[in-house]
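# Commentary on secondary and tertiary structure
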Amino acid sequence: MKDSTGPAKEPIEGTDPAPLSDRFGAQISHGDIREVRGPLLVVGGAGGVGWDEFATIDLAGGESRHGLVLEVDRDLATLQVLESTDGMSLGKIGVRFDGRPLHVQVGTQWLGRVCNGRGEPLDGGPPVTGTATLPVSGWPLNPVYREPPQEPVLTGISVIDGLMTLVRGQKLPIFSVPGLPHLTLATQIAAQATSSGQSFRVVFAAMGLTHADIAFVRDRLEERSAEKELILLLNAADDPVIERILTPRIALTIAEHLAYTEGHDVLVVMSDMTSYAEAVREVSAARREIPARRGYPGYLYSDLATLYERCGRVKGHDGSVTIVPVLTMPAGDITHPVPDLTGYITEGQIVLAPDIAARGIYPPVDVLSSLSRLMRSGAGKGRTREDHPDVAAQVLAALARARQATELAELVGEAALSETDRSYILYRTLVEKGLFDQARDESRTLEDTLGRAWTALAALPDKELTMLPRVFLDRYLPRSGS
């Protein structure tokens, strides 16, 4: 087993540039093809082949395709063909196994490129080459080499930066419902996010998107891609499901090299993780594995963890990997296996709600159901601003009280409320329209965000602002006539 006692950079430095035939012996072409079944290929006489092994499939006309081993039964190996099995016929196919899982070349040459889910160019450019070759499954990292996440990643979106700050090295998912603008929010984050580090890069991994959505993503992120700050990996809904499983792994492998070898702060946005989980379920069914909860395999938790736990900061390295996975909850069910298991692994969540979207607020974040558990590691004096954590706490506490006042007004009428309760209803309107709601291409500074929060809080009597020290009230609270 590989020694995982050192930082993530160590396995990268010793990459062997020798060709596969030198490292793994001459590749033998297996011609005993037993069955072509949909996207699957069953190969006989394949002793010694392992799960997830990568293979090259040679067709009679000289064309080559690629596949991954899904199942091994004695000397039978079942492969998922990446490009499809169209045109294949028994007796005219040869399969060469690589002797290892899929590897990908990594390096700064990926920046500015647009590729499909398995890394093949969609932008008309040449194939992407790199300075090292790494397995897409990543290297294990000894936990003692991890540094705690700290310092903010600012998205330019007030509700996130102000109330659930994303921290460098954190994994913070977005929980949504089909029909809400989660893809718009994900692309806005990818287009606007920055950190205080020397350089910031973004890897956007799209999984199972329609071609219309892919066109939207490419158009929205074109500017950042042209500046060589972005990498796009786009898996369409009609692409092979096995490619959907590879897409986030390739994205994270590229990101790890940019972070821990090149020294960049890297944000990886992955959408939609529910499509990824559906692909895992489909592949599990092809392997004839016993299904567990709602048909998903019993190892879905550990499978998701192998992705989410690849983020963080490493001792001795300047860079970091921050992950924002986006997932849709079928029927809005937050207890569905995908959001449920994701919540156990990640450090908080940003929840989008249909009722907030119905009021015309973008992004429709349900702030009382959302949180960033690491926010205090990235907010406050020396990181954002001294009043930031206290203002965020006061905004949330006041909003909870405002919801109670609104519900009471629906029962007895607003005229029957006390003056304080009416001020909370006014506050709710001000905070939603002034702080939470913003344009889909608007990027706000943190100073602007905190100023808007203070403006909304000014609608409340001073005696209600119990979570703010007097020194902050004197310094930041707007007064009438000022």
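Conventions used here
- Residues numbered from 1 in each chain as written.
- Predicted model: local features only at pLDDT ≥ 70, side-chain atom pairs only at ≥ 80, totals over all residues.
- Heavy atoms only, no water.
- Helix = DSSP H or I, 4+ residues; strand = E, 2+ residues; numbered from the N terminus.
- Buried < 20%, exposed > 50% of the residue type's maximum accessible area, 1.4 Å probe, protein only.
- Areas by Shrake-Rupley, 256 points an atom, 1.4 Å probe, with all protein chains shown as cover.
- Lys, Arg positive; Asp, Glu negative; His and termini not counted.
- Charge placed at Lys NZ, Arg CZ, Asp CG, Glu CD.
- Core = buried A, V, L, I, M, F, W, Y, C linked by side-chain atoms within 4.5 Å.
- Contact = heavy atoms within 4.5 Å.
- Patch = residues over 30% accessible without salt bridge, like charges linked within 9 Å, V, L, I, M, F, W, Y side chains within 5 Å.
- Salt bridge = Lys/Arg side-chain N within 4 Å of Asp/Glu carboxyl O.
- Pairing = 2+ DSSP bridges.
- Polar contact = N/O pair within 3.5 Å; in protein donor to acceptor, adjacent residues only side chain to side chain.
- Axes fitted to C-alpha atoms, helices over the stretch in contact; angles between N-to-C directions.
- Parallel < 35°, antiparallel > 145°, perpendicular 65-115°, else oblique.
- Left-handed = near helix turned anticlockwise from the far one by under 90°.
- Nonpolar A, V, L, I, M, F, W, Y, C, P; charged D, E, K, R; others polar.
- Phe/Tyr/Trp six-rings, centres within 6.5 Å; stacked < 30°, edge-to-face > 60°.
- Lys NZ or Arg CZ within 6 Å of the ring centre and 35° of its normal.
- pLDDT = per-residue confidence, 0-100.

## Considering the overall build of the chain
Looking only at helices and strands, the chain features 16 helices and 22 strands. Oriented by its inertia axes, the alpha-carbon framework of the chain measures out at about 85 × 45 × 40 Å. The buried share of the chain, taken over its 482 residues, is 54%. When the accessible area of the chain is evaluated, it comes to approximately 20,000 Å², of which 51% is carbon and sulfur surface. Separation of charge centres in the chain, based on 48 positive and 63 negative side chains, amounts to 3 Å.

## Observations regarding the nonpolar core
Of all hydrophobic cores here, the largest spans 128 residues; its most connected members are Phe 204 and Tyr 427. For this core, the element with the highest residue contribution is helix α7 (residues 241-260), accounting for 12 residues. The residues contacting Tyr 427, other than those within four sequence positions of it, are Gln 394, Val 395, Ala 398, Leu 399, Ala 402, Ala 456, Leu 457, Ala 459 and Leu 460. Formed by 16 residues, the second largest nonpolar core is a distinct cluster that contains Val 69, Ala 77, Val 81 and Met 88.

## Regarding a nonpolar patch on the surface
The grouping of Leu 408, Leu 411 and Val 412 at the surface amounts to a nonpolar patch, some 300 Å² of accessible area in total. Inspection of the secondary structure assignment puts Leu 408 in helix α13 (residues 388-412).

## Topic: helix α4 (residues 182-192)
Counting buried positions over the 11 residues of α4 gives 10, a clear majority of the element. By the burial criterion, the buried members of α4 are His 182, Leu 183, Thr 184, Leu 185, Ala 186, Thr 187, Gln 188, Ile 189, Ala 190 and Gln 192.

## Examining the sheet that holds strand β5 (residues 64-73)
On the basis of which strands lie adjacent, the open sheet formed by 7 strands has the order β1-β7-β4-β5-β6-β3-β2 and antiparallel pairing. With one partner strand each, in any of the chains shown, β1 (29-30) and β2 (33-37) form the two edges of the open sheet. Examined bridge by bridge, β2 and strand β3 (residues 40-43) share 4 bridges and lie antiparallel to one another. Note that in β3 the partner of Arg 37 across the bridge is Leu 40.

## Some points on the sheet that holds strand β13 (residues 166-167)
The strand order β13-β12-β15 describes an open sheet built from 3 strands, whose pairing is antiparallel. In the strand order of this sheet, the two ends are held by β13 and β15 (194-195), each with one partner.

## What about helix α9 (residues 300-308)?
The set of residues buried in α9 consists of Leu 300, Asp 303, Leu 304, Ala 305, Leu 307 and Tyr 308. Buried residues along α9 sit in contact with α7, β18 (265-271), α8 (273-286), β20 (320-328) and α10 (337-345).

## Quick notes on the side chain of His 388
The topology assignment puts His 388 in helix α13. Taking the relative accessible area as the measure of exposure, His 388 reaches 0% and is therefore buried. In terms of polar contacts, His 388 uses its side chain to reach the backbone carbonyl oxygen of Asp 161, at 3.2 Å. Non-local contacts of His 388, meaning those with residues more than four positions away in its chain, are made with Asp 161, Gly 162, Thr 165, Met 375, Ala 379, Gly 380, Leu 446 and Leu 450.

## A look at the packing of α13 against helix α14 (residues 419-436)
In the contact formed by α13 and α14, the axes pass within 8 Å of each other and the chain directions differ by 120 degrees. Classed by the angle they form, the pair α13 and α14 counts as oblique. Between α13 and α14 lies a crossing of left-handed hand. Residues Gln 394, Val 395, Ala 398, Leu 399, Arg 401, Ala 402, Arg 403, Ala 405, Thr 406, Leu 408 and Ala 409 of α13 form the contact with α14, whose participating residues are Thr 420, Asp 421, Tyr 424, Ile 425, Tyr 427, Arg 428, Val 431, Leu 435 and Phe 436. When its residues are assigned to classes, the contact of α13 with α14 shows 13 nonpolar, 3 polar and 4 charged.

## Describing the environment of Met 207
Mapping Met 207 onto the fold places it in strand β16 (residues 200-209). For Met 207, a relative accessible area of 0% puts it in the buried group. Residues Met 207 and Thr 274, spaced 67 residues apart in sequence, show a C-alpha to C-alpha distance of 8.9 Å. Each residue touching Met 207, except ones within four places of it in the same chain, is listed here: Asn 235, Arg 244, Thr 247, Pro 248, Met 270, Ser 271, Asp 272, Met 273, Ser 275 and Tyr 276.

## Examining a negative patch on the surface
A cluster of acidic residues, Asp 219, Glu 222, Glu 223 and Glu 227, forms a negative patch on the protein surface. Topologically, Glu 227 is positioned in the loop between α6 (222-226) and β17 (230-236).

## A short note on the packing of aromatic side chains
Scanning the model with the defined rule gives 2 aromatic pairs in all. Here Trp 454 and Tyr 476 contribute two aromatic rings whose centre-to-centre distance is 5.8 Å and whose plane-to-plane angle is 25 degrees, an arrangement assigned as stacked. Placement of Trp 454 in helix α15 (residues 446-457) and of Tyr 476 in helix α16 (residues 470-476) is noted, with a sequence separation of 22 residues between them. By relative accessible area, which is 1% here, Trp 454 ends up buried. Members of the aromatic cluster, connected to one another through ring pairs, are Trp 454, Phe 472 and Tyr 476. The positively charged end of Arg 281 is found above the aromatic ring belonging to Tyr 296, 4.3 Å away from the centroid. Above the ring of Tyr 362, the side-chain terminus of Arg 440 is found at 4.7 Å from the ring centroid.

## Some words on the confidence of the model for the chain
Per-residue confidence for the chain averages 90 on the pLDDT scale, and 94% of its residues sit at or above 70. Mean pLDDT values for the elements of the chain range from 35 in helix α2 (residues 20-24) up to 98 in strand β14 (residues 174-176). Note that pLDDT drops below 50 for residues 1-25; the model gives that stretch 38 contacts with residues more than four away or on any other chain.

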